[in-house]
Amino acid sequence: MRTVDMQEARTHLSRLVEEAAQGEPFIIARAGKPLVKVVAVDAPESAVAARTGFLAGRISLPPRL
């Protein structure tokens, strides 16, 4: 995923948004520190969220008091 600085994002916003809409997400950074991730609205969710419950049935927790 490409990272662009704030100044480049301001200068080329239209082009960057068009690329994100076509499936090329990017990150906007200020002073080298990532701030936001720009993705298309209809982009698929990341696979990380799908990992909830991946150990179901393999571990058990003590009952709550």
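Provided above is the structure to which this section pertains.
Thresholds applied
- Residues numbered from 1 in each chain as written.
- Predicted model: local features only at pLDDT ≥ 70, side-chain atom pairs only at ≥ 80, totals over all residues.
- Heavy atoms only, no water.
- Helix = DSSP H or I, 4+ residues; strand = E, 2+ residues; numbered from the N terminus.
- Buried < 20%, exposed > 50% of the residue type's maximum accessible area, 1.4 Å probe, protein only.
- Contact = heavy atoms within 4.5 Å.
- Areas by Shrake-Rupley, 256 points an atom, 1.4 Å probe, with all protein chains shown as cover.
- Core = buried A, V, L, I, M, F, W, Y, C linked by side-chain atoms within 4.5 Å.
- Salt bridge = Lys/Arg side-chain N within 4 Å of Asp/Glu carboxyl O.

A.B. asks: Looking at this structure, how should I read the overall build of the protein chain?
C.D. replies: When helices and strands are tallied, the protein chain shows 2 helices and 3 strands. In sequence order, the secondary structure elements of the protein chain are arranged as β-α-α-β-β. Considering the protein chain as a whole, with its 65 residues, one finds that 12% of them fall into the buried category. Residue pairs in contact within the protein chain that sit at least 24 positions apart in sequence constitute 29% of those at least 6 positions apart. Counting every atom, the protein chain has about 5,800 Å² of accessible surface; 57% of that belongs to carbon and sulfur.

A.B. asks: Explain the nonpolar core to me, please; I cannot follow it from the model alone.
C.D. replies: Nonpolar side chains tend to gather and get buried jointly when the protein is soluble and globular. Core analysis: the biggest nonpolar cluster contains 6 residues, these being V4, A9, L16, A20, F26 and I28. Contributions of two or more residues to this core are made by α2 (13-21) and β2 (26-30). Residues within four places of A20 in sequence aside, it is in contact with F26, V38 and A40.

A.B. asks: Please explain the pattern of salt bridges as it appears in this structure.
C.D. replies: A side chain of one charge can pair with a side chain of the opposite charge when the charged atoms of the two come close. Taken as a whole and judged by the stated rule, the model has 2 salt bridges. Residues R2 and E19 are paired through a salt bridge, measuring 3.3 Å at the closest nitrogen-oxygen approach. Here R2 is found in strand β1 (residues 2-5), whereas its partner E19 is found in helix α2, with 17 residues between them in sequence. Classification of R2 as partly exposed rests on a relative accessible area of 36%. Put simply, R15 and E19 hold a salt bridge, and the shortest N to O gap is 3.3 Å. Of this pair, R15 and E19 both sit in helix α2, 4 residues apart, roughly one helical turn. On the accessibility criterion, E19 (25% relative accessible area) is partly exposed. Taken together, the shared-partner salt bridges in this structure form one network comprising R2, R15 and E19.

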